[in-house]
Amino acid sequence: MRVVVNTLYKSAISELKERLLEINDLARANDVLEWDQATYMPPGGAEGRARQMATIAKLVHARSSDPALGALLSQLQSHTGAPATDAADSNSDDAALIRVAQRDYDRATRIPTELMGEIANHIGRSYSAWAEARPKNDWATMRPYLEKTLELSRRYAECFPEAAHIADPLIDGSDEGMTVAIIRPIFAELRSFLAPLVQAIAAKPETDASCIFQHFPEAQQWAFGEAMIRDYGYDFNRGRQDKTHHPFMTRFNWGDCRITTRFNEDYLAEGLFATLHEAGHALYEMGIDRNLDGTPLGEGTSAGVHESQSRTWENVVGRSLPVWEHYYPKLQAAFPEQLGKVDLETYYHAINKVQPSLIRVEADEVTYNLHVIIRFELECELLEGTLSIADLPEAWHARYQEYLGVSAPNDTDGVLQDVHWYGGLIGGAFQGYTLGNIMAGQFNAAASQAIPDLADQWRQANFAPLHAWLSENIYRHGRKYTALDFIQRITGGPIQLAPYKEYLTNKYGAIYNL
Ligand code: ZN
């Protein structure tokens, strides 16, 4: 009998893997088209490319929600827990594959096809309208679009009636397991920690960051950034860097995880730290166990865990003093006229300057979280119905004044600032950025305990031990564990703010003599 069960199980699991591989290959092929669209495609290709990508997306959705896939998963679920199958071990790759494939299938089938179509159609038009309206400060045009987006976001969330909060299904889409009930208190605690820290820094003399606002030719910037990420462990045999308007990382398969960046010849930090940030995302993807490639387990587990890694390599490592003790003489050699007479401390303070500002993507490490908290709160209030779209621009300005002490003179840098609500649904789009910072605090505290001389290693550009620790504990597992699972496995407890607070207090206390 056991032999029969095993044979049935084996043929079902191999059929599952075949089906999932086909879905994966179609989706990654679409990613190649998207990468090309953002890097090298001539403008004339736009219309045909949009059609081709929509065709593939339709095929992916049809295969992802195929009832035959659902039936196969049900059959396999009945084997999980049965003895003598690989899936009986709940930590095995097969058990994780079945769990994650079931989750993806449930999410793909929960939303009626007509609603999916309506959303895709509306978002496409909303995005084009926003691209024109934002530079013209034209909120009036966008208001009806956003009202429709809010209605669609609610209808999407209502497909998950078991959710405790209306934003939860949207959050769960990018940060599995996270809920408003988990995030709200931790963001409130973070805000009450940051407010006095930002005030204390503002009371100090303003940092002179002019050294990084000089002319830095692109070719040297490019070479310097690539040399640094090569030291980090970014493998150029399995990746490459190109230029785009908005930097991103994309994984086509285990052997091809690419990054993009952008350069500003009058501001050194823009391109350099975009490269380090995207390389952090890529190190995560490159570190996933090769055996998981082509399956739903073969990618980073959530937006938050992904950001924890991009921010670790960009900020925790890339803006640290030990790292620049090693690299600053090299940077001076690359830019002798600009930096030859600037000392390390001046440069280190410049790249870590804290100043409340209007634009999220340009914000420093400390105030960045306040930008995210504002958006998260507004999203929840919109979905709850306690804030209307009509009142959103005012609420935006008021919250910026209250949390950051600054207010945009217009809506271009206010409510029209980010693409997220205009190129997607409202809800679930922002929390991952700050969850990532908080998780990075917990993960890096654990790494520092395991590897006590991390700073000395960074001083010698030796990143292999940190990279190996992160690979062992996080990267290699792909989606086998959720963010909350990783935190539990690594720290033995729940998500906690204390290590991140300690990191900010130590670093900025030293920089600003607090
Ligand atoms: Zn990122």
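From a predicted model like this one, the values you see are computed outputs, not experimental measurements.

Colleague: Honestly, the overall build of the protein in this entry has me stumped. Any pointers?
Modeller: Helix and strand content of the protein: 21 helices and three strands. Since a compact globule built from 514 residues should have a radius of gyration of about 24 Å, the 24 Å found for the protein is in line with a globular shape. With respect to the principal axes defined by its C-alpha atoms, the protein has extents near 75 × 55 × 50 Å. Each charge class in the protein was averaged separately, 46 positive and 68 negative side chains, and the resulting centres sit 3 Å apart.

Colleague: Explain the domain arrangement of the protein to me, please; I cannot follow it from the model alone.
Modeller: According to the domain assignment, the protein consists of domain 1 (2-133) and domain 2 (180-512). The C-alpha-based centres of domain 1 and domain 2 are spaced at 29 Å. On the domain 2 side, the residues contacting the 25 residues of domain 1 number 28 residues. On the domain 1 side of the contact with domain 2, Trp35, Asp93 and Trp130 bury the most area, a combined 28% of that side's loss. In this structure, the connection of domain 1 to domain 2 is made through two salt bridges.

Colleague: Please clarify how the environment of Pro112 should be interpreted in this entry.
Modeller: Topologically, Pro112 is positioned in the loop between α4 (93-110) and α5 (113-133). Exposure remark for Pro112: the relative accessible area of 35% places this residue in the partly exposed category. Once the C-alpha coordinates of Pro112 and Trp130 are considered, the two residues, 18 residues apart in sequence, prove to be 27 Å apart.

Colleague: Even after reading the chapter, I still don't get the environment of Asp485, so can you show me in this structure?
Modeller: Its location among the elements puts Asp485 in helix α20 (residues 483-491). Residue classification places Asp485 among the partly exposed positions, given a relative accessible area of 31%. Spatially, the C-alpha atom of Asp485 lies 44 Å from that of Ala334, the residues being 151 residues apart in sequence.

Colleague: What should I look at first to understand helix α14 (residues 344-351) in this one?
Modeller: Given 3.6 residues to a turn, an α-helix orients residues that are three or four positions apart in the same direction. If you check which residues of α14 are buried, you get Tyr347, Tyr348, His349, Ala350 and Ile351. Summarising the contacts, the buried residues of α14 are in contact with α10 (268-286), α12 (321-334) and α21 (498-512).

Colleague: Any chance you could explain the pattern of salt bridges here in plain terms?
Modeller: Considering all chains together, one arrives at 40 salt bridges under this definition. A salt bridge links Asp104 to Arg479; the nearest nitrogen and oxygen atoms lie 2.9 Å apart. Here Arg479 lies in the loop between α19 (464-473) and α20 and Asp104 lies in helix α4, a separation of 375 residues in the sequence. Note on Asp104: relative accessible area 30%, which makes it partly exposed. According to the relative accessible area criterion, Arg479 is buried, its value standing at 11%.

Colleague: How should I be thinking about the layout of surface pockets in this particular structure?
Modeller: Empty space among the atoms becomes visible once a probe the size of a water molecule is rolled across them. Taken as a whole, the second largest pocket holds about 740 Å³ of empty space. Together, 32 residues line the second largest pocket, and Val316, Ser448, Trp458, Tyr503 and Asn506 are the ones closest to its centre. At the level of secondary structure, the elements contributing two or more residues to the lining of the second largest pocket comprise α11 (303-317), α12, α14, α17 (431-450), α18 (454-459) and α21. Sorting elements by how many residues they give to the lining of the second largest pocket places α21 first, with eight residues.

Colleague: In this structure, what is going on with the side chain of Arg107? I would like to understand it.
Modeller: Following the sequence through the fold, Arg107 ends up in helix α4. Residue Arg107 is classed as buried on the basis of its relative accessible area, which comes to 16%. Excluding residues that lie within four positions of it along the chain, Arg107 makes contacts with Tyr156, Phe160, Pro169, Asp172 and Gly173.

How each quantity is defined
Residues numbered from 1 in each chain as written. Predicted model: local features only at pLDDT ≥ 70, side-chain atom pairs only at ≥ 80, totals over all residues. Heavy atoms only, no water. Helix = DSSP H or I, 4+ residues; strand = E, 2+ residues; numbered from the N terminus. Rg over C-alpha atoms; globule rule 2.2 N^0.38 Å. Lys, Arg positive; Asp, Glu negative; His and termini not counted. Charge placed at Lys NZ, Arg CZ, Asp CG, Glu CD. Domains from an automatic or database assignment. Contact = heavy atoms within 4.5 Å. Buried area = accessible area lost by both parts, 1.4 Å probe. Salt bridge = Lys/Arg side-chain N within 4 Å of Asp/Glu carboxyl O. Buried < 20%, exposed > 50% of the residue type's maximum accessible area, 1.4 Å probe, protein only. 1 Å grid on protein atoms, 1.4 Å probe; cavity = no way out; pocket = protein on both sides within 12 Å on 5 of 7 lines; lining within 4 Å. Points joined across faces, edges and corners; volume = space filled by probe spheres on them.

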